[in-house]
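Residue-level structure breakdown
Chain by chain, the residues:
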Amino acid sequence: MAFTETKIIDQITVTENGIVLYREATRILKDGEQIAQTYHRTSLTPAQDLTGQPANVVAICNAAWTDAVVAAYEAQVAANATV
Amino acid sequence: MSIVLDGTNGITTNAGTLLSATTIGVGGTTPSASGAGVSFPATQSASSDANTLDDYEEGTWTPADGSGAGLSFANIQAQYTKIGRMVFASATFDFPSTASTATNSISGLPFTVGTTSGYIGGFITNGNVAVAVRFRPGNNSSTGSIRDGSGTAQTNVALSSGAFTINAVYMV
């Protein structure tokens, strides 16, 4: 009987306003068959520091976060601050 | 008793009820091997029907500084549960010592907050800073801010060295 643990990013979502959300699934396998799974979610806002983030997530952020997207998001944040 | 399987009605029983000793997977999901309950697809299959529960997920998340001041929180414990369109997210963390006058921003919420402001809210159940009373998730974002009783978002320095447990409840 062998137990193994794997971690994989099983979901990456980009919202219309440029927020990137990803989910890391930790799977416990017993003799190759999954017996348990837990999730950890992370969300990243346009222009956020990407230090330490997975390479595939960074690539998506860099593609999604155009100057226009960043400017629009910053304007939205400013508007949210007053409500 | 009989059990009928067909392509139109799925599974029916002549008694009108369905019994599972352990778990049931919906949407083609492999039922969980542990406990007893309903297993939902790993990716939500959204239903437009008002009486259909179409998603359940629980996990952890990491609150981070979104103010731009480069602050690092410590002793983080954060969990979430999503039931249908509602998200319940909580986090305990220590705010660092800082002189930053930027408005605080807690980023990393596990799901994007919906766009309708009436359907979000948050509160602080533990904290040692008197001006920190509310946690306000931002519309259409994955961040929120710690606010005082009148709703004013606090500066980082006002929360310096504080210890907090924040709770957010919102619709996606």
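Below or above, wherever it landed, is the structure these notes cover.

What counts and what doesn't
- Residues numbered from 1 in each chain as written.
- Chains lettered and ligands numbered in written order.
- Predicted model: local features only at pLDDT ≥ 70, side-chain atom pairs only at ≥ 80, totals over all residues.
- Heavy atoms only, no water.
- Patch = residues over 30% accessible without salt bridge, like charges linked within 9 Å, V, L, I, M, F, W, Y side chains within 5 Å.
- Areas by Shrake-Rupley, 256 points an atom, 1.4 Å probe, with all protein chains shown as cover.
- Salt bridge = Lys/Arg side-chain N within 4 Å of Asp/Glu carboxyl O.
- Helix = DSSP H or I, 4+ residues; strand = E, 2+ residues; numbered from the N terminus.
- Buried < 20%, exposed > 50% of the residue type's maximum accessible area, 1.4 Å probe, protein only.
- Pairing = 2+ DSSP bridges.
- Core = buried A, V, L, I, M, F, W, Y, C linked by side-chain atoms within 4.5 Å.
- Phe/Tyr/Trp six-rings, centres within 6.5 Å; stacked < 30°, edge-to-face > 60°.
- Lys NZ or Arg CZ within 6 Å of the ring centre and 35° of its normal.
- Polar contact = N/O pair within 3.5 Å; in protein donor to acceptor, adjacent residues only side chain to side chain.
- Contact = heavy atoms within 4.5 Å.

1. Regarding a nonpolar patch on the surface
All names here are of chain B.
- Residues Leu 53, Tyr 56, Ile 83 and Phe 88 make up a contiguous nonpolar surface patch of about 360 Å² in total accessible area.
- Structurally, Phe 88 is set in strand β8 (residues 86-94).
- Take Phe 88: its relative accessible area is 38%, and that puts it in the partly exposed class.

2. Quick look at the pattern of salt bridges
- Per the counting criterion, the structure on display carries 5 salt bridges over all chains.
- For Asp 10 of chain A, the salt bridge goes to Arg 23 of chain A, with nearest N and O atoms at 2.7 Å. Pair noted here: Asp 10 of chain A is in strand β1 (residues 3-14) and Arg 23 of chain A is in strand β2 (residues 20-30), with a separation of 13 residues, a long-range link.
- Its relative accessible area of 25% is what places Asp 10 of chain A among the partly exposed residues.
- A relative accessible area of 0% means that Arg 23 of chain A is categorised as buried.
- Ionic pairing is found between Arg 23 of chain A and Glu 57 of chain B, a salt bridge with its closest N-O pair at 2.8 Å. Placement of Arg 23 of chain A in strand β2 and of Glu 57 of chain B in strand β5 (residues 56-61) is noted, with the two residues assigned to different chains. Here the two residues Arg 23 of chain A and Glu 57 of chain B agree in accessibility, since each one is buried.
- Connected through salt bridges with shared partners, the residues Asp 10, Arg 23, Arg 27 and Arg 41 of chain A together with Glu 57 of chain B form a single ionic network.

3. Describing the pairing of β8 of chain B
Residue and element names in this part refer to chain B.
- Burial along β8 is one-sided: Val 87, Ala 89, Ala 91 and Phe 93 are buried, and none of Met 86, Phe 88, Ser 90, Thr 92 and Asp 94, which face the opposite way, are.
- Pairing analysis gives 8 bridges linking strand β7 (residues 74-83) to β8, with the strands arranged antiparallel. Of the residues in β8, the one forming a bridge with Ala 78 is Ala 91.
- Between β7 and β8, which pair antiparallel in sequence order, lie 2 residues; one of them, Gly 84, sits at a positive phi of approximately 60°.

4. Things to note about the nonpolar core
- Counting 27 residues, the largest nonpolar core has Phe 93, Ile 146, Phe 164 and Ile 166 of chain B as the members making the most contacts within it.
- Put simply, the parts of the chain that give this core at least two residues each are β7, β8, β10 (120-127) and β13 (163-171) of chain B.

5. Looking at the packing of aromatic side chains
- Overall, the coordinates contain 5 aromatic pairs over all chains when judged by the stated rule.
- Ring geometry for Phe 73 of chain B versus Phe 93 of chain B: centroids 4.7 Å apart, planes at 25°, classification stacked. Here Phe 73 of chain B is found in the loop between β6 (64-65) and β7, whereas its partner Phe 93 of chain B is found in strand β8, with 20 residues between them in sequence. Assigned by exposure class, Phe 73 of chain B and Phe 93 of chain B land together as buried.
- Here the guanidinium or amino end of Arg 23 of chain A rests over the ring plane of Tyr 39 of chain A, the centre of that ring lying 3.8 Å away.

6. Remarks on the side chain of Gln 154 of chain B
All names here are of chain B.
- Position of Gln 154 relative to the elements: it lies in the loop between β12 (143-147) and β13.
- Its relative accessible area of 10% is what places Gln 154 among the buried residues.
- Looking at Gln 154, its side chain comes within polar contact range of the main-chain oxygen of Thr 152, at 3.0 Å.
- Look past the residues within four positions of Gln 154 in its chain and what remains in contact with it is Ala 102, Thr 103, Asn 104, Val 131, Ile 146, Arg 147, Asp 148 and Leu 159.

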